[in-house]
Amino acid sequence: MKKLINVLSTAAFGSAVALSLSVSTAHAQEWPTKEVRLVVPYAPGGTTDVLSRRVADLLKDELNANVVVENRPGAGSTVATGRLARGGRDADHTILMASPGHTIGAAIYPSLAYDPVEDFLFIQNMLDIPNVMVVPANSPYESAVEFIEAAQDNNMSFSSSGVGSSIHMSGELFKTLTGSNMTHVPFAGSGAALPALLGGDVDVSFENMPTVFSHIQSGDLRALAVTSEERSEFLPDVPTLKEIGEHNLDQLVTTAWFGLIAHNSFPEEAFATMQEALQQVMEREEFTNFVEQLGGEKGTIGGDEFKTFVADEVARWDAVAAEAGLRQE
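Here the residue index of a chain counts from 1 through its sequence in written order. Per-residue local features are limited, in this predicted model, to residues with pLDDT of at least 70; the limit for side-chain atom pairs, both in listing and counting, is 80 or more; totals at the level of whole chains, interfaces and linings are taken over all residues. Only hydrogens and water are removed before side-chain values are computed, so all heavy atoms of the structure are retained for them.

A separate point is the overall build of the protein. Only DSSP runs of H or I covering at least 4 residues are called helices, and only runs of E covering at least 2 are called strands; the numbering of each starts at the N terminus. What the protein contains, in helices and strands, is 11 helices and 10 strands. What you see for the protein is a C-alpha radius of gyration of 20 Å, in line with the 20 Å of a compact globule of 329 residues. For every residue, the accessible area (1.4 Å probe, protein chains only) is compared with the maximum for its type, and the residue is labelled buried under 20%, exposed over 50%, or partly exposed between those bounds. Considering the protein as a whole, with its 329 residues, one finds that 53% of them fall into the buried category. The contact rule is simple, with two residues in contact once any of their heavy atoms fall within 4.5 Å. Restricting to contacts in the protein with at least 6 residues of sequence separation, those with at least 24 account for 80%. In the structure as shown, the protein presents an accessible area of about 13,700 Å², 47% of it carried by carbon and sulfur atoms. Note on method: radius of gyration uses C-alpha positions; expected globular size equals 2.2 Å times residues raised to 0.38. Per-residue and other accessible areas follow the Shrake-Rupley method at a 1.4 Å probe size, with only the shown protein chains counted as cover for residues.

Okay, here's the thing in structure tokens:
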């Protein structure tokens, strides 16, 4: 089994990359004419931030231009996304690292001043990370089905990194599909949520792979299932919820996805140049190794296919938010 490395606390220190590398004439495009701004809609230190800084470093080489990472946290990513949606003079040199918060935020806040699909161009999905259904080591439940059958008769608690996170919404979707009695216990980030899970203060979580992998390896947490379409190569003995199938679990496939978007006024030349540059980035060994360290898979969709995926996600989380009573009108 490959070893999964916890990079979230260290990768931010590796953001300085030399800018003097030469670029092939294939990339000597007229765009960009100035530095490119990559906006992160969350605070520094999380997966979105770390991924953005790694991508920015590699993009500098491919674009032959400086790529500056700017953190704009707030309201589950909607502050930064709303600002991008308004466009403005720098819209032709600004991109944003979107994640499930882009679609979940639209579901929770239906009165947003922007359309999460039509106001943006969807350049490239970069990374997909599975969530893992985990219970404390002393939990009596050895399988997802055992947990569901117990939760249908008794109330269970599930933790998350905060309201509207992919971890929270995965739990809400699980609850809805299986008819489980589950109470959400939100924390201010996965770092705060993890001790409660390890200590048995909550019954289950649907955490991102990088957060819990080392604790699964050590035996402090028990993995019951992964939420991805196929089994993870890092947890090959852990089934997917889809393959378990019972209690409507065949309908539960979700990952934490991360991809670059821009304002819908982003120039065609810029869009084409960015797609080409990102393909080069994703083929580089540094990016491949980084994806493996996170226990994820490289994204495979861009352009219209990425847009369709996002539209489908908006519809799915809208239904889940309505069922869970999460909408903030």
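There is more to say, and it comes next.
Here we take up a negative patch on the surface. Each patch is built from residues lacking any salt bridge and having more than 30% relative accessible area; the joining distance is 9 Å for like charges and 5 Å for nonpolar side chains (Val, Leu, Ile, Met, Phe, Trp, Tyr). In the sections that follow, a salt bridge refers to a side-chain nitrogen of Lys or Arg positioned within 4 Å of a carboxyl oxygen of Asp or Glu. We count Lys and Arg on the positive side and Asp and Glu on the negative side, and we leave His and both chain ends out. To locate a charge, take atom NZ for lysine, CZ for arginine, CG for aspartate or CD for glutamate. Side chains of Glu-146, Glu-149, Asp-153 and Glu-246 sit close together on the surface and give a patch of like negative charge. When you line up the elements, Asp-153 lands in the loop between α4 (144–151) and β5 (156–160).

What follows deals with the pattern of salt bridges. Opposite charge on two side chains permits pairing when their charged atoms draw close. Under the defined criterion, the tally for this structure stands at 15 salt bridges. Among the salt bridges present, the one from Arg-231 reaches Glu-243, with a minimum N-O distance of 2.8 Å. Here Glu-243 lies in helix α8 (residues 241–244) and Arg-231 lies in the loop between β8 (221–226) and α8, a separation of 12 residues in the sequence. Of the charged contacts in the structure, one is a salt bridge between Arg-316 and Glu-313, with a shortest N-O distance of 2.8 Å. One end of the pair, Arg-316, and the other, Glu-313, are both in helix α11 (residues 303–324), 3 residues apart, so they sit about a helical turn from each other. If you follow the salt bridges from partner to partner, you end up with Lys-34, Arg-37, Glu-70, Arg-72 and Asp-90 in one network.

What follows covers the side chain of Thr-94. Considering the arrangement of structural elements, one finds Thr-94 in strand β3 (residues 94–98). Whenever a nitrogen or oxygen atom comes within 3.5 Å of another N or O atom, the pair is scored as a polar contact, on the condition that within protein one atom can donate a hydrogen and the other can accept it, and that pairs from neighbouring residues in sequence are kept only if both atoms are in side chains. A distance of 2.7 Å separates a polar side-chain atom of Thr-94 from the backbone oxygen of Asp-90. If sequence neighbours within four positions are ignored, Thr-94 has contacts with Arg-37, Val-39, Leu-84, Ala-262 and Phe-266.

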